[in-house]
Amino acid sequence: MEDRTLVLTMEDGKKVTCDILFTYHSEEFNKDYVIFQPRGEQQLSAASYEENGDGNGSLHAIETDEEWDMLEELVNDYYSEDKAEGCSGNCGGCSGCGTEDCDCDGSCGE
């Protein structure tokens, strides 16, 4: 299974592991985005990112309200698709829905 996590290093040096819900490239803004959820949290977050070629990259703050609007619509679509497929739409926080097409491995809440 592909690694769908990222580790953020906070200003105080604390490392926070996050589950990646999905990534998206916007032609309109010519940027790549990542939507993620810190483990143990209910709230999602998003950032634009640039890969540096070695599997790592840098995250950047979302700059405009237009970008946030686009990302909010994508997240709503993401959860609508999960619910239509039988998932409770909370796999980033491990809902334990147990459906066959759910990509949650059940370890999210550990």
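Anything mentioned here points back to the structure above.
Residues numbered from 1 in each chain as written. Predicted model: local features only at pLDDT ≥ 70, side-chain atom pairs only at ≥ 80, totals over all residues. Heavy atoms only, no water.

**Student:** Can you break down the packing of aromatic side chains residue by residue, with the values?
**Tutor:** Tallying each qualifying case throughout the model produces two aromatic pairs. Plain terms: the ring middles of Phe-22 and Tyr-78 are 5.0 Å apart, the flat faces sit at 35° to each other, and that makes the pair tilted. Here Phe-22, found in strand β2 (residues 15–26), pairs with Tyr-78, found in helix α1 (residues 65–84); they are 56 residues apart in sequence, far enough to count as distant. Here the two residues Phe-22 and Tyr-78 agree in accessibility, since each one is buried. Here the aromatic rings of Tyr-78 and Tyr-79 are separated by 5.3 Å at their centres, their planes lie at 70°, and the arrangement is edge-to-face. Taken as a pair, Tyr-78 and Tyr-79 share a single burial class, namely buried. (Phe/Tyr/Trp six-rings, centres within 6.5 Å; stacked < 30°, edge-to-face > 60°. Helix = DSSP H or I, 4+ residues; strand = E, 2+ residues; numbered from the N terminus. Buried < 20%, exposed > 50% of the residue type's maximum accessible area, 1.4 Å probe, protein only.)

**Student:** Please give an account of the sheet that holds β2 that cites residues and values.
**Tutor:** Strand order in the open sheet formed by five strands is β1-β2-β3-β4-β5, and the pairing between neighbours is antiparallel. One side of each edge strand has no neighbouring strand; the edge strands of this open sheet are β1 (5–9) and β5 (57–60). On average, each strand axis in the sheet is inclined to that of its neighbour by 45°, with strand direction left out of account. Bridge count between strand β3 (residues 31–38) and strand β4 (residues 45–51): five bridges; the pairing is antiparallel. Residue pairing in the sheet places Val-34 in a bridge with Ala-47 of β4. (Pairing = 2+ DSSP bridges. Axes fitted to C-alpha atoms, helices over the stretch in contact; angles between N-to-C directions.)

**Student:** Kindly report on unusual backbone geometry, identifying the contributing residues and their values.
**Tutor:** Even without glycine at this site, Asn-30 takes up a positive phi of about 50°. In this structure Asn-30 comes out as exposed when scored by relative accessible area, which is 61%.

**Student:** Summarise the pattern of salt bridges; cite the residues concerned and give the values.
**Tutor:** A complete count under the given rule lists three salt bridges for this structure. With a shortest N-O distance of 3.0 Å, Asp-19 and Arg-39 are connected by a salt bridge. With a gap of 20 residues between them, Asp-19 in strand β2 and Arg-39 in the loop between β3 and β4 connect regions that are remote in the sequence. For Arg-39, a relative accessible area of 35% puts it in the partly exposed group. For the salt bridge of Glu-63 with Lys-31, the shortest nitrogen-to-oxygen distance reads 3.2 Å. Here Glu-63 is found in the loop between β5 and α1, whereas its partner Lys-31 is found in strand β3, with 32 residues between them in sequence. A residue is classified by how much of its surface remains accessible, and Glu-63, at 60% relative accessible area, is exposed. Linked by salt bridges that have partners in common, Lys-31, Glu-63 and Glu-67 make up one network. (Salt bridge = Lys/Arg side-chain N within 4 Å of Asp/Glu carboxyl O.)

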